[in-house]
Amino acid sequence: MERTFVAVKPDGVQRGLCGEIMKRFEQRGFRLVAAKFQQASEEHMQKHYLDLKDKPFYQGLCKYMSSGPVFAMVWEGRSIVKLGRMMLGETNPADSKPGSIRGDLCIDIGRNIIHGSDTLENAKTEIGLWFKAEELVDYKPCSQAFLYE
Ligand code: DAT
Ligand code: MG
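Below is a summary of the structure that appears in this document.

What counts, and where the lines are drawn
- Residues numbered from 1 in each chain as written.
- Chains lettered and ligands numbered in written order.
- Predicted model: local features only at pLDDT ≥ 70, side-chain atom pairs only at ≥ 80, totals over all residues.
- Heavy atoms only, no water.
- Helix = DSSP H or I, 4+ residues; strand = E, 2+ residues; numbered from the N terminus.
- Rg over C-alpha atoms; globule rule 2.2 N^0.38 Å.
- Buried < 20%, exposed > 50% of the residue type's maximum accessible area, 1.4 Å probe, protein only.
- Contact = heavy atoms within 4.5 Å.
- Areas by Shrake-Rupley, 256 points an atom, 1.4 Å probe, with all protein chains shown as cover.
- Near = heavy atom within 4 Å.
- Polar contact = N/O pair within 3.5 Å; in protein donor to acceptor, adjacent residues only side chain to side chain.

**Brief notes about the overall build of the chain**
Part 1 of the reasoning: Looking only at helices and strands, one finds eight helices and four strands in the chain.
Part 2 of the reasoning: In the chain, the succession of helices and strands from N to C terminus is β-α-α-β-α-α-β-α-α-β-α-α.
Part 3 of the reasoning: A globule of 149 residues ought to have a C-alpha radius of gyration of about 15 Å, and the chain, at 15 Å, matches this closely.
Part 4 of the reasoning: Projected onto the principal axes, the alpha-carbon positions of the chain cover approximately 45 × 35 × 25 Å.
Part 5 of the reasoning: Counting all 149 residues of the chain, 46% fall into the buried class.
Part 6 of the reasoning: Contacts spanning at least 24 positions in sequence make up 76% of the contacts within the chain whose residues lie at least 6 apart.
Part 7 of the reasoning: Entry remark: accessible area of the chain is about 8400 Å², with carbon and sulfur atoms responsible for 53%.

Rendered as structure tokens:
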């Protein structure tokens, strides 16, 4: 099983889309491992997006991401890093297919409502940045035998 880090961005929170986004991960069959609602500091967002530090939009992105609350989550399931990215759609909502979260729910690349880890390695780093080990809840979901052969 893999874990990935997903966060509803300030625009998604303000637009009331946390429930819709959680619903999609739940209905796919993924297991919620951790969740927290918080306003992150700009320094925290700079660490989160460190790999983009040379991009022209980096400062604005980090400022924006710390301008309001985000809903941070860890989800678990088979191949969830890849499948989660497919559920998100492309970085630019204009390139995202209908049926994907960004393709259904947003328009602008700078207001694309959701973050999801792009590699297993980044997922591990991001989960460690946002959550303490004891915040990751270990439990046995009763649906496993009906989700996986
Ligand atoms: P993703 O969120 O799909 O992983 P990313 O990691 O390349 O995309 O970039 C992080 C965020 O930065 C992205 O969700 C929105 C913003 N962003 C990316 N490219 C941008 C651009 N060309 N102009 C403005 N914002 C951009
Ligand atoms: Mg990314």
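**Quick word on the site of ligand 1**
Part 1 of the reasoning: In the vicinity of ligand 1, the residues found are K9, Y49, L52, F57, L61, R85, T91, R102, I109 and N112.
Part 2 of the reasoning: In this structure, K9 approaches ligand 1 through a side-chain N or O atom, which is 2.8 Å from an oxygen atom.
Part 3 of the reasoning: Within the side chain of R102, one N or O atom sits 3.1 Å away from an oxygen atom of ligand 1.
Part 4 of the reasoning: In the complex, 72% of the free accessible area of ligand 1, which totals 520 Å², lies under the protein chains.

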